[in-house]
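What the coordinates show
One letter stands for each residue in the lines below.
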Amino acid sequence: MNKWTIVLITAGMLLVGCSDEAAEKSKAEEEEKPNETDQLKDDLSEEEAAKLPEYNIIRKQIGDGSYKIMIIANNEETRILHFLNAQGELQYKAVFVKETNRLKIINTKGDDIVFNQVIG
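Keep in mind that this is a model prediction, so the values were computed, not measured.

The complete set of buried residues in helix 3 (residues 55–62) reads Tyr55, Ile58, Arg59 and Ile62. Down the axis of helix 3, the smallest arc covering the buried residues is 95 degrees, so these residues share one side. For helix 3, exposure combined with an orientation more than 90 degrees from the buried face picks out Asn56 and Lys60. Backbone geometry just downstream of helix 3 places Gly63 in the positive-phi region, at approximately 90 degrees.

So, in structure tokens, the structure goes:
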């Protein structure tokens with residue numbers, strides 16, 4: 001009887017531990033992809049954007065096309081920018097992780113990663 005109790009308690013603890021880990025991973029993924037209600041959706045002028053540390057690299061990677069720049073998220077950890085064409089279609093997404101200075105630029109039309117490096 002005692003052996004079965006120990007087996008059941010151990011199995012229960014393993015299940016709880018695994019579900020917490022999966023929940024944390026899911027939460028981390030959700031933080032990277034803000035949902036519609038969390039999005040700031042603020043327009044950013046070229047002058048304001050030029051002040052961002054990642055902006056020059058973004059421009060080198062995506063070209064000097066006339067994009068409307070939207071701030072989707074800007075918090076202590078990350079800044080997410082969307083670059084829309086003249087028709088308002090999302091062309092590029094830039095994710096800047098502030099703590100590590102990692103910049104990731106994604107071409108949303110082909111889901112291609114254009115740039116993914118730590119910047120100075």
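From this point, the discussion proceeds with the structure in view.
What follows concerns unusual backbone geometry. The backbone of Asn101 shows a phi angle near 60 degrees, a positive value even though the residue is not glycine. Take Asn101: it is sitting in the loop between strand 4 (90–97) and strand 5 (102–107). Taking relative accessible area as the criterion, Asn101 reaches 27% and is therefore assigned partly exposed. One non-glycine residue, Asp111, adopts positive backbone phi at about 50 degrees.

Definitions and limits used
Residues numbered from 1 in each chain as written. Predicted model: local features only at pLDDT ≥ 70, side-chain atom pairs only at ≥ 80, totals over all residues. Heavy atoms only, no water. Buried < 20%, exposed > 50% of the residue type's maximum accessible area, 1.4 Å probe, protein only. Helix = DSSP H or I, 4+ residues; strand = E, 2+ residues; numbered from the N terminus. Arc of directions from axis to C-beta.

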